[in-house]
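# Structure at a glance
Here are the chains, one letter per residue:
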Amino acid sequence: MDARSRRSRESLRAAVLTLAGPTPISEVTASAICLQAGVTRDTFYRHADSPTGLLADALSAEIDEAMEVLPRADAIGDAERALLEHVHRRADVYRGAMHPLLAAPVRSNLERSISAGLVLWAELHPEIIPPEFAADAAAMRIAIAYAAAGTVGAVEEWLRSEDDDIERAVRLILAASPEWWLR
């Protein structure tokens, strides 16, 4: 991606995150994002198919950055904490994307990021994987999908509760997780 396109993408991401804080994403228009970002609608549609899609992309980039902690993490809880710190920092944006569940592109990207993190965690710590999953790729994909979807559901419930205690949320989500992920 050339420098100009990269600047446009970053301006669009910043604009949607700014607008989606005080306004539900369902009410944010492409025109408002363009005005905030200082770009044309043509530029918007070269980078996104909708405001919700752009929001999902912007949040996904931040989540991916937060998940960079995984290779250095001592426990999966470190990655869980990084994820919840991101969600807490963007709580208004996430709450504005819930109707009552997260908008599909936001939820999908969150699940994708968590799944990628779990795959990486399993690769870094193959000794934690139970034999019935280690020998069966389909079973491992099911375990990862289950854990990722469950984490997203827990994050949604945490957002609805308006509880700001990240450490409590980390403890509760980890307590609900299969033990083998935590070894």
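The text that follows walks through the structure, step by step, so that each part is easy to find. (Residues numbered from 1 in each chain as written. Predicted model: local features only at pLDDT ≥ 70, side-chain atom pairs only at ≥ 80, totals over all residues. Heavy atoms only, no water.)

## With respect to a negative patch on the surface
Put simply, the rule reads: Exposure above 30% relative accessible area and the absence of a salt bridge qualify a residue for a patch, where like charges join within 9 Å and nonpolar side chains (Val, Leu, Ile, Met, Phe, Trp, Tyr) within 5 Å. Calculation of accessible area relied on Shrake-Rupley with a 1.4 Å probe; when residues are assessed, cover is drawn exclusively from the protein chains displayed. Only one rule defines a salt bridge in this text: a Lys or Arg side-chain nitrogen within 4 Å of an Asp or Glu carboxyl oxygen. Under the convention used here, Asp and Glu are negative, Lys and Arg are positive, and both His and the chain ends fall outside the count. One atom stands in for each charge, and that atom is NZ of Lys, CZ of Arg, CG of Asp or CD of Glu. Numbering goes from the N terminus for both helices and strands, where a helix is a DSSP run of H or I of at least four residues and a strand is a run of E of at least two.
Together, Asp92, Glu162, Asp164 and Asp165 give the surface a local cluster of negative charge. Along the chain, Asp92 falls in helix α6 (residues 91–96).

## Some remarks on the environment of Leu70
To keep it simple, the criterion reads: Residue burial is assigned from relative accessible area. The probe radius is 1.4 Å, only protein chains are included, and a residue is buried under 20% of its type maximum, exposed over 50%, and partly exposed in between. Here, two residues are considered to be in contact whenever any of their heavy atoms come within 4.5 Å of each other.
Inspection of the secondary structure puts Leu70 in the loop between α4 (51–66) and α5 (76–89). Looking at Leu70, the relative accessible area reads 3%, which means it is buried. The sequence separation of Leu70 and Glu80 amounts to ten residues, and the corresponding C-alpha distance is 9.5 Å. Contacts of Leu70, omitting those with residues within four sequence positions, involve Ala79, Gly117, Leu120, Trp121 and Leu124.

## What about the packing of aromatic side chains?
Under the convention used in this document: Two aromatic rings from Phe, Tyr or Trp, using only the six-membered ring of Trp, form a pair when their centres are within 6.5 Å; if the ring planes differ by under 30 degrees the pair is stacked, by over 60 it is edge-to-face, and anything between is tilted.
For the structure on display, the rule yields three aromatic pairs. Here Phe133 and Trp180 contribute two aromatic rings whose centre-to-centre distance is 5.3 Å and whose plane-to-plane angle is 25°, an arrangement assigned as stacked. Placement of Phe133 in helix α8 (residues 131–134) and of Trp180 in helix α11 (residues 179–182) is noted, with a sequence separation of 47 residues between them. Ring centres 4.4 Å apart and planes at 25° place the aromatic pair Trp180 and Trp181 in the stacked group.

## Considering unusual backbone geometry
Residue Pro100 is bonded to the preceding His99 through a cis peptide linkage, with omega at -5°. With respect to the element layout, Pro100 can be found in the loop between α6 and α7 (104–124). Despite not being glycine, Glu162 has its phi angle at roughly 55°, a positive value. According to the relative accessible area criterion, Glu162 is exposed, its value standing at 55%.

## Description of the environment of Ala48
Within the element layout of this structure, Ala48 appears in the loop between α3 (41–47) and α4. Take Ala48: its relative accessible area is 10%, and that puts it in the buried class. A C-alpha to C-alpha distance of 18 Å links Ala48 and Ile63, two positions 15 residues apart in sequence.

## Looking at the pattern of salt bridges
Applying the stated rule across the entire model yields twelve salt bridges. We note a salt bridge from Asp64 to Arg112, for which the minimum N-O separation is 3.7 Å. Placement of the pair is Asp64 in helix α4 and Arg112 in helix α7, with a sequence separation of 48 residues. Members of the salt-bridge network, linked through shared partners, are Arg9, Glu10, Arg13 and Asp57.

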